[in-house]
Amino acid sequence: MKSAVETLNPTRVRLTVEVPFEELKDSLDAAYKKINQQVTVKGFRKGKIPARVIDQRFGRGAVLEEAVNDALPKFYTDAVNNAELNVLGQPEVDITELKDGETLNFTAEVDIRPAIEIPDYSGIEVEVDAVEVSEEDVDKAVEELRERFASTTPVERAAEDGDVVTIDLEAKVDGEVLEDGVANGVSYTIGSGELLEGIDDAVKGLEAGGEATFTSELKGGSAAGKEAEVSVKVTQVAARELPELDDDFAQLASEFDTLEELRTDSRKRLENMKQYDQATQAQERVLEKLLELVEVPVPEKLLDDEINTRKHNLEHHQLGQMGLDLPQYLEIQGKTAEEFDTETREAAVKGIKTQFVLDELVNKEKLNVNQEELTEHLMRRAASSGMSPDQFAQAVVEGGQVPMLVGEVARGKALAVVVEAATVKDTNGEIVDLDDEEDEASSEETPAEGSAEAAEEAPEAPEEKPEA
């Protein structure tokens, strides 16, 4: 077999392959054997029909077609390996010549990973938000905890701001009650903004048994985005009572004996959260700077596939769970279809570039993923998916997704290398030591890995194994 490579552009090549006919012998034998098992000829036992009879009865062309279809993947794979190509996805194969007893010639056009030159990234500098926790921040955190321990007491008076009302709701569109527009026994805190716009004004001033009607735009369900006439009936009014902010509250709401200890712990938690956010922000900005330094051509077919995948996942998974279709979603977002397409394309381009660059860094820095790192990553992914580690691991193995997880971890390590080499300062001009911050956040997803996995929703690793 002889093969040659023609570069069509930085991300696509054409392979020209010439196969001597004798190299088709194994595939021809397999073709005769397969046809033997599928057909019946009077006078011959099944599976014992001579090749010449098959040629006479069914045509030599049928045998050649079966043999070529069987042999093409192997010859294509050999050509790819001989040329040392990193191919992406499926090739477009064209048989240019097939002479019985002489030769098989074909071409295969396929996308490849572009050659990427990683420049010196040690000079990257980024600025991130400073970690600052004010007394107001601590007050707010303690108040939120206090809210969780509030109690309610039914009262016989009109509902006021902050009260918890139990209500029955009925929504109509064009005078018709929606199938999913009736809800009874709903608990709602007036002023929380957790339900429909306009409901606060409707229920304030009503006592138990009081009713009101108001108009509001529905945010979800079968009529999301439409104006509805909503009837509300208050069945109970309850006053919320907050516990006193004292040592007794600290003992009730936490493992601490005093309110001061609780506040100290709240401050520490807020600092950890802001440090984690700061580390994530640093990695996102370092990644953006890195992408600006590297010229990355994007294969058009891979880009089209990625765009279609993103749209499909949005329409059939995310929006489907919310009871929305794409036009309703765009209306809620205040975007046109053209704006949505542009944003989706930009995100897909950035995702593909991110993966290419980080994978090249993995190779350049000779980064490996050990079992402990993979296990830790799997545990985090399982937690975020709502599955147990065993269930998630089984799903990953059965779905053949282990290489994908290995790639995620490796790209996370690659980004961490760049971040370590970069200069990161906060808005106060202070150098940020991200190693300490990642240690603080070790109980959560490592920012480097999280950034690399989801860097602008990077796609899964494009398939690189040769396939026909």
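Residues numbered from 1 in each chain as written. Predicted model: local features only at pLDDT ≥ 70, side-chain atom pairs only at ≥ 80, totals over all residues. Heavy atoms only, no water.

Per an unreviewed UniProt entry, the recorded name for the chain is Trigger factor, and the organism is Streptomyces xiangluensis. As its UniProt record puts it under Sequence similarities (unreviewed entry), the chain is described as follows: "Belongs to the FKBP-type PPIase family. Tig subfamily." (UniProt positions renumbered as here; feature names shortened; annotations may be inferred.)

Structural notes on the pairing of strand E10 (residues 227-241)
In the sheet, strand E6 (residues 151-154) pairs with E10 via 4 bridges, with the strands oriented antiparallel. Looking at the pairing, Thr153 lines up with Ala239 of E10. Judged from the 9 bridges that link them, strand E7 (residues 164-173) and E10 form a sheet pairing that is antiparallel. Within the sheet, the bridge partner assigned to Val164 lies in E10 and is Ala238. As paired elements, strand E9 (residues 211-217) and E10 share 7 bridges and run antiparallel to each other. Bridge pairing in E10 places Thr213 opposite Ser231. (Pairing = 2+ DSSP bridges. Helix = DSSP H or I, 4+ residues; strand = E, 2+ residues; numbered from the N terminus.)

Concerning the pairing of strand E4 (residues 103-112)
With 9 of 10 residues buried, E4 is to be regarded as a mostly interior element. Looking at chain direction, strand E2 (residues 12-20) and E4 are connected through 9 bridges and run antiparallel. Each bridged residue has a counterpart across the sheet, and for Val13 the counterpart in E4 is Val110. Sheet topology note: the strand E3 (residues 87-99)/E4 ladder contains 9 bridges and is antiparallel. Looking at E4, one finds that Leu98 is bridged to Leu104. Connecting E3 to the next strand, E4, in antiparallel fashion are 3 residues, including Gly101 with a positive phi near 85°. (Buried < 20%, exposed > 50% of the residue type's maximum accessible area, 1.4 Å probe, protein only.)

Comments concerning a nonpolar patch on the surface
A cluster of nonpolar side chains, contributed by Val93, Ile95 and Leu98, occupies part of the molecular surface with about 210 Å² of accessible area. Classification of Ile95 as partly exposed rests on a relative accessible area of 37%. (Patch = residues over 30% accessible without salt bridge, like charges linked within 9 Å, V, L, I, M, F, W, Y side chains within 5 Å. Areas by Shrake-Rupley, 256 points an atom, 1.4 Å probe, with all protein chains shown as cover. Salt bridge = Lys/Arg side-chain N within 4 Å of Asp/Glu carboxyl O.)

Structural notes on the nonpolar core
The biggest cluster of nonpolar side chains holds 36 residues, and the ones touching the most others in it are Ile124, Leu290, Val357 and Leu361. Broken down by secondary-structure element, the contributors of at least two residues to this core are strand E5 (125-128), helix H7 (259-293), helix H8 (300-322), helix H10 (337-364) and helix H13 (402-421). In this structure, Ile124 is in contact with Val286, Lys289, Leu290, Leu293, Val418, Ala422 and Thr423, ignoring residues within four places of it in sequence. One finds Val19, Val63, Leu64 and Leu72 within the second-largest nonpolar core, a separate group that totals 31 residues. (Core = buried A, V, L, I, M, F, W, Y, C linked by side-chain atoms within 4.5 Å. Contact = heavy atoms within 4.5 Å.)

Considerations on helix H9 (residues 326-333)
Burial in H9 covers these residues: Leu326, Gln328, Tyr329 and Leu330. If you follow the buried residues of H9, they end up packed against H8 and H10. Sitting at the amino-terminal end of H9 is Asp325, which places a side-chain oxygen 2.9 Å from the backbone nitrogen of Gln328. After H9 finishes, the residue Gly334 shows a positive phi value of roughly 70°. (Polar contact = N/O pair within 3.5 Å; in protein donor to acceptor, adjacent residues only side chain to side chain.)

Some words on unusual backbone geometry
Located in the positive-phi region is Glu84, a residue other than glycine, with phi close to 55°. Relative to the elements of secondary structure, Glu84 occurs in the loop between helix H3 (60-83) and E3. When its relative accessible area of 70% is taken as the criterion, Glu84 is described as exposed. In this model, Lys366 sits at a positive phi of 55°, which is unusual for a non-glycine residue. If you trace the backbone, Lys366 turns up in the loop between H10 and helix H11 (371-385). What makes Lys366 exposed here is its relative accessible area of 66%.

A closer look at the side chain of Asp426
Tracing the chain through its elements places Asp426 in strand E11 (residues 423-426). Although Asp426 lies buried, it forms no salt bridge, and the closest oppositely charged side chain, Lys425, sits 9.1 Å away as judged by the N-O distance. A polar contact of 2.8 Å, which involves the side chain of Asp426, links it to the backbone nitrogen of Asn428. (Lys, Arg positive; Asp, Glu negative; His and termini not counted.)

Regarding the packing of aromatic side chains
In this structure the tally under the stated criterion is 1 aromatic pair. Between Phe149 and Phe249 the ring centres are 6.2 Å apart and the planes differ by 90°, which places this aromatic pair in the edge-to-face class. Pair noted here: Phe149 is in the loop between helix H4 (135-148) and E6 and Phe249 is in helix H6 (residues 247-253), with a separation of 100 residues, a long-range link. The exposure class assigned to Phe149 is partly exposed, which follows from its relative accessible area of 30%. (Phe/Tyr/Trp six-rings, centres within 6.5 Å; stacked < 30°, edge-to-face > 60°.)

Some remarks on the environment of Thr344
Note that Thr344 resides in helix H10. Accessibility expressed as a relative area gives 9% for Thr344, which makes it buried. As a C-alpha pair, Thr344 and Arg310 span 34 residues in sequence and 7.5 Å in three-dimensional space. Residues within four places of Thr344 in sequence aside, it is in contact with Ile307, Arg310 and Lys311.

Observations regarding the confidence of the model for the chain
Here the chain shows a mean pLDDT of 87. Residues at 70 or above account for 93%. Across the chain, element-level confidence peaks in E5 with a mean pLDDT of 96 and bottoms out in helix H15 (residues 447-454) with 43. (pLDDT = per-residue confidence, 0-100.)

With respect to the sheet that holds strand E1 (residues 2-9)
Sheet architecture is open: 4 strands sit in the order E1-E2-E4-E3, paired in antiparallel fashion. Because the sheet does not close on itself, it has two edges, and the strands there are E1 and E3. Taken over all neighbouring pairs, the strand axes of this sheet differ in orientation by 20° on average, direction set aside. As judged from the 7 bridges shared by E1 and E2, these two strands associate in the antiparallel manner. When the sheet's bridge partners are listed, Ser3 is paired in E2 with Val17. Against the sheet, H3 contacts E1, E2, E3 and E4, and its axis sits at roughly 125° relative to E3. (Axes fitted to C-alpha atoms, helices over the stretch in contact; angles between N-to-C directions.)

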